[in-house]
Amino acid sequence: MQQIPGMFFKYRKWMLTILMALLLGIWFLSLRQQLFPEVFSTVMYDSEKQLLNATVARDGQWRFPPGETLPENYLTALINFEDRYFQYHPGFNPLAIGRAILQNVKKEGTKSGASTLSMQVIRLSRQGKPRTIREKIIEVLLAMRLELRYSKEEILQIYAAHAPMGGNVVGLQAASWRYYGHRQEELSWAEAATLAVLPNSPSLIFPGRNQELLVQKRNRLLTLLHKRGYMDDVTLQLSLAEPAPGAPHPLPQMAPHLFTRSILDGKEGMQIYTTINSDLQQRSARVIQRHHEILRANHIHNVAVLVADVNTGEILVYWGNAPESKLQVNAAQVDIISSRRSPGSLLKPFLYAGLLQEGQILPHSLIPDIPTHFQGFNPENFTRTYDGAVPASRALARSLNIPAVRMLQDYHPDKFHALLKSCGMNTFDKPSSHYGLSMILGGGEVTMWEIAGAYASMARSLNKFQQNPLTPEEKTFHPLRYTTRPEDELNSSQPSPFSHGVLWHTLEAMVEAARPDTEANWQLFTGNRRIAWKTGTSYGHRDAWSIGVNAGYVVAVWAGNATGEGRPGLTGIAAAAPLMFDILGLLPQQSWFAIPYDDLTPVRICKNSGYPASQLCAGTDTILAPRVDFQTGVCPYHIAVHLDKETGLRVNTQCASWADMQTQSWFVLPPVQEYYFRQKNPFYRPLPPLREGCSPLSHDTNPMQWIYPSGSSAIFIPYELDGSPGETIFRVAHRHESSTIHWHLNEQYVGSTMHFHEMAFRPSEGLHTLQITDNNGNFLKKEIQIVIRTPQ
């Protein structure tokens, strides 16, 4: 029995050691890994770190995410007011605790606090706990553990981010904006002192109420700081004279649609540093509002504007809809910039560039502009007129639909579909067969974000070539971005699908587009702004677009109704282009793109056709064409014509001797193209008719060509209002207006025409044979299938 005390004494040290280790472990693990719930306001800043937008956190508090650094004057005020020995103690101040206990025993009231800043962080993290001695002991223990986990600077950051500032305002950054309207880095001494004393009694002293109490506490701190040498006499007097903050300021809402977009992008509860230029954002808002008032008179309620720096892809202006005080009015909350809309004609520059890149056309090659009919698809120009044939560059500048559809047919929809994707337009997410040839006229959908990014990438590629012509494979096609951290946005960067010579010709062609009335005679002004631009109008007048780009900026404008309602007069040139040019007027002027001579090569072309000149071309010119592998042949429109020396009529060896002939080069278009071309081009000379007695040779081209029907598809005839089948008007072009054409249907003569060769029929349903013959024996024969639509 005498051995038991000895054994107890022997193991007591081990037991105490284990107990101490257990207590130490409990203490070490007692501090929660996450002191505060990560519930912050979403806060958005512009490129100068000025506040653009903010919203309360999910718990209803204005609690901004912690900043990177705290202002020195605030730190000085805070430490001198709350915890002068903060930099030296291990989490608690024994002298302060002793002094507080002594004052409590003597019942002198609370003359000085015992809580350090570290202990206050613990108390804030343990919300709702009573202020008891037991709780104070827990705060001391946890404060010591806090000091082991975080540095002094990090503890100050945590306190500043979670200190109560009155009402539902939490943290220094939120209080700076709510009470003073600027960021914490701009706080004056008086403002910093106010926010240092505010958490001490946030329920008693609230900005806008109890001003005298707040000013007294602030001024006592300012006087203390002056006494301790942190400010001079002048600074003290100026600081004491500053008024206390009034009621909280409403926070700015300068980019509401971008703010919503950033939240949808997963940035909720974060500080978002954007590339937005606040000054330009506000000035553009005033311009938008002015145009919006005009558009609303025509019940056009929505407008969107996007401006970006082409070299960086950074967004400078983002108005996803017209600036409205009430976003629920007229669907003003809809962000058009990220919405899918029909692009109208906005894709035509990419088709033009694609054809140039493949060498299928030269910049001014003639493209047919005649009545065109595909299976169930009958494109029309906006003006409902035809030019017969038009240079490709002019077709782009004038945004002609029929040449664009014919160009797409030559390029092929599959290839164009792939080209659009390589340019960053990922909204074409269905097979090319889904869109067909209508793709070039707005048959698909784009977002303003992607289409503006593609235009900007074209300009960026050309700029990069000017800066360094030796790196043509640099990845210059990439999306736009609105944040200052481009890593995610640039992951999809890729080389330009177009050479620099192709890009230069494409942008040059777009400069020539006719500007709206407000910009008439723009070329006459000194120092005019050169801009490559394109308009677009969707089917049914639902979307009006205008996008312009120069060496510095891209400006994209959309007007319409977010609901999809079309309006008469809602066109790109009338509704969107004037606003685009006014926004452009807010931007610094830019020099035009330098000519990429190293990527261009001289090509001798036919003046009339724009094709490489043949030996028969009478007038030629030399242009700098893109340095690509040309797939086009020589000019197909100039032919050698044998004329009678006396009459000037056409002859051949069957009716005239060589001695009686003279040979000339003649510019000859196919009959339908010629029919429309000569109406707008007085220089065009029709091919002379054959001299009497001369028969056409087998290789002579037929002077007649069908205008309608031009294809082999069925002809659908609707019923008239009286219930009878309607008529179909058949049209033919003849090189010689004075020729007579005789019309036969199913070998039955039905009439003759002169000058204007049109004939109206009311054929029965089924297969028919239509034949026409002119007075020289030329004939055309066509099988037509008539389908009469049964009335519903």
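Residues numbered from 1 in each chain as written. Predicted model: local features only at pLDDT ≥ 70, side-chain atom pairs only at ≥ 80, totals over all residues. Heavy atoms only, no water.

1. Focus: the overall build of the protein
Each helix and strand counted, the protein has 22 helices and 24 strands in total. Expressed as a percentage of the 792 residues in the protein, the buried residues total 53%. Counting contacts in the protein only where the partners sit at least 6 residues apart, residues at least 24 apart contribute 66% of the total. On the protein, roughly 38,000 Å² of surface is accessible, and the fraction owed to carbon and sulfur atoms is 53%. (Helix = DSSP H or I, 4+ residues; strand = E, 2+ residues; numbered from the N terminus. Buried < 20%, exposed > 50% of the residue type's maximum accessible area, 1.4 Å probe, protein only. Contact = heavy atoms within 4.5 Å. Areas by Shrake-Rupley, 256 points an atom, 1.4 Å probe, with all protein chains shown as cover.)

2. Re the packing of helix H7 (residues 172-180) against helix H8 (residues 189-197)
Relative to each other, H7 and H8 sit at 120°, their axes nearing to 11 Å. If you check the angle between H7 and H8, you find them oblique. Seen from above, H7 lies across H8 with right-handed handedness. Of the residues in H8, those in contact with Leu-172, Ala-175, Ser-176, Tyr-179 and Tyr-180 of H7 are Glu-191, Thr-194 and Leu-195. Among the residues making up the contact of H7 with H8, the classes are represented as 5 nonpolar, 2 polar and 1 charged. (Axes fitted to C-alpha atoms, helices over the stretch in contact; angles between N-to-C directions. Parallel < 35°, antiparallel > 145°, perpendicular 65-115°, else oblique. Left-handed = near helix turned anticlockwise from the far one by under 90°. Nonpolar A, V, L, I, M, F, W, Y, C, P; charged D, E, K, R; others polar.)

3. Looking at the packing of helix H2 (residues 72-82) against H8
Interhelical geometry of H2 versus H8 gives an angle of 40° and a closest axis separation of 8 Å. When the axis of H2 is compared with that of H8, the two are oblique. Viewed along their axes, H2 and H8 form a crossing whose handedness is right-handed. Residues Asn-73, Tyr-74, Thr-76, Ala-77, Leu-78, Phe-81 and Glu-82 of H2 lie in contact with H8, whose contacting residues are Trp-189, Ala-192, Ala-193, Leu-195, Ala-196 and Val-197.

4. Comments concerning the sheet that holds strand S20 (residues 740-745)
Here we have 5 strands laid out as an open sheet, ordered S18-S24-S23-S20-S21, and mixed in their pairing. In this open sheet, the two strands that pair with only one neighbour each are strand S18 (715-717) and strand S21 (748-754). Taken over all neighbouring pairs, the strand axes of this sheet differ in orientation by 30° on average, direction set aside. (Pairing = 2+ DSSP bridges.)

5. Notes on helix H21 (residues 572-584)
Structurally, the α-helix is built with 3.6 residues per turn, so residues lying three or four positions apart point the same way. H21 sits mainly inside the fold: 10 of its 13 residues count as buried. Listed as buried for H21 are Gly-572, Ala-575, Ala-576, Ala-577, Pro-578, Leu-579, Met-580, Phe-581, Ile-583 and Leu-584. Its buried side turned inward, H21 meets helix H12 (278-296), strand S6 (302-309), strand S10 (532-537), strand S11 (543-549) and strand S12 (553-560).

6. Quick look at the pairing of S21
For a regular strand, side chains alternate in direction, first toward one face of the sheet and then toward the other. As paired strands, S20 and S21 are joined by 6 bridges and run antiparallel to one another. Across the sheet, the residue bridging to Thr-740 is Met-754, located in S21. Between the end of S20 and the start of S21, which pair antiparallel, lie 2 residues, with Asn-746 showing a positive phi angle near 55°.

7. Digging into the nonpolar core
With 81 residues, the main nonpolar core has Leu-306, Phe-350, Phe-416, Met-425, Ile-451 and Tyr-455 as its most contacted residues. By size, the runner-up hydrophobic cluster in this structure holds 57 residues, among which are Val-43, Ile-122, Ile-155 and Leu-214. (Core = buried A, V, L, I, M, F, W, Y, C linked by side-chain atoms within 4.5 Å.)

8. A few points about the state of the cysteines
Evaluation of the coordinates by the stated rule reveals 1 disulfide. For the unlinked cysteine Cys-606, the closest cysteine sulfur is that of Cys-617, found at 3.5 Å. Overall, Cys-606 belongs to the buried group, its relative accessible area being 0%. (Disulfide = S-S within 2.5 Å.)

9. Re the environment of Asn-561
The residue Asn-561 is located in the loop between S12 and H21 in this model. On a C-alpha basis, the gap between Asn-561 and Ala-544 in space is 9.7 Å, while along the polypeptide they are 17 residues apart. Side-chain polar atoms of Asn-561 contact the backbone nitrogen of His-301, separated by 2.9 Å. Of note is the side chain of Asn-561, whose polar atom sits 3.2 Å from the backbone oxygen of Glu-565. (Polar contact = N/O pair within 3.5 Å; in protein donor to acceptor, adjacent residues only side chain to side chain.)

10. Brief notes about the packing of aromatic side chains
Applying the stated criterion across every chain yields a total of 18 aromatic pairs. Ring plane angle 80° and centroid distance 5.0 Å describe the contact between Trp-533 and Phe-581, whose orientation is recorded as edge-to-face. A residue pair is termed long-range when its members are at least 10 positions apart, and Trp-533 in strand S10 and Phe-581 in helix H21 qualify at 48 residues. Accessibility classification places Trp-533 together with Phe-581 in one group, the buried group. Relative to Phe-667, the ring of Tyr-637 lies with its centre 6.2 Å away and its plane at 80°, an arrangement referred to as edge-to-face. Taken together, the residues Tyr-637 in the loop between strand S14 (620-626) and strand S15 (638-644) and Phe-667 in strand S16 (residues 661-667) connect sequence positions 30 residues apart. One exposure class covers both Tyr-637 and Phe-667, and it is buried. Pairwise contacts between aromatic rings join Tyr-611, Tyr-637, Phe-667, Phe-677, Phe-683 and Tyr-684 into one cluster. (Phe/Tyr/Trp six-rings, centres within 6.5 Å; stacked < 30°, edge-to-face > 60°.)

11. Some remarks on H2
Taken across its 11 residues, H2 has 9 buried, putting it largely inside the fold. Every buried residue belonging to H2 is among Asn-73, Tyr-74, Leu-75, Thr-76, Ala-77, Leu-78, Ile-79, Asn-80 and Glu-82, and all of these are buried. Looking at the buried positions of H2, the neighbouring elements they touch are helix H4 (117-125), helix H6 (152-162), H7, H8 and helix H9 (211-227).

12. Looking at the sheet that holds strand S17 (residues 704-708)
Note on sheets: strands pair through backbone hydrogen bonds, and any given pair is parallel or antiparallel. With antiparallel pairing, 3 strands are arranged side by side in an open sheet as S17-S19-S22. Only two strands of the sheet have a single partner each, and these edge strands are S17 and strand S22 (758-761). Going from strand to strand, the sheet's axes swing by 25° on average, the running direction of each strand aside. Bridging between strand S19 (residues 728-734) and S22 involves 4 bridges; their strand directions are antiparallel. The partner of Phe-730 across the bridge, within S22, is Met-759. Where helix H22 (residues 671-680) meets the sheet, it contacts S17 and S19, and its direction lies at approximately 75° from that of S17.

13. A few points about the environment of His-734
Secondary-structure assignment places His-734 in strand S19. In contact with His-734, not counting residues within four places along its chain, are Arg-678, Pro-703, Met-704, Ser-739, Ile-741, His-757 and Asp-774. Engagement of the side chain of His-734 in a polar contact is seen with the side chain of Asp-774, the distance being 2.9 Å.

14. Here's the deal with the confidence of the model for the protein
A residue-level look at the protein finds 87% of positions with pLDDT of 70 or above and a mean pLDDT of 86. Within the protein, strand S7 (residues 315-319) carries the highest mean pLDDT (98), whereas helix H19 (residues 487-490) carries the lowest (53). (pLDDT = per-residue confidence, 0-100.)

15. Some details on the pattern of salt bridges
Scanning the entire structure with this criterion turns up 22 salt bridges. Residue Asp-429 pairs with Lys-430 through a salt bridge whose shortest N-O separation is 4.0 Å. Taking relative accessible area as the criterion, Lys-430 reaches 37% and is therefore assigned partly exposed. A salt bridge links Glu-758 to Arg-731, with the shortest nitrogen-to-oxygen separation between them at 3.0 Å. Separated by 27 residues along the polypeptide, Glu-758 in strand S22 and Arg-731 in strand S19 bring together distant segments of the chain. For Glu-758, a relative accessible area of 39% corresponds to the partly exposed category. (Salt bridge = Lys/Arg side-chain N within 4 Å of Asp/Glu carboxyl O.)

16. Considerations on the side chain of Gln-173
Tracing the backbone shows Gln-173 in helix H7. On the accessibility criterion, Gln-173 (7% relative accessible area) is buried. In this structure Gln-173 touches Tyr-45, Phe-64, Arg-183, Gln-184, Glu-185 and Gln-271, once residues within four positions along its chain are discounted.

17. Brief notes about unusual backbone geometry
The omega torsion across Tyr-708 and Pro-709 is 0°, close enough to zero to call that bond cis. Of note, Pro-709 is situated in the loop between S17 and S18. Phi angles above zero are rare outside glycine, and Arg-384 is one such case at about 65°. Along the chain, the position of Arg-384 falls in the loop between strand S8 (366-369) and strand S9 (388-391).

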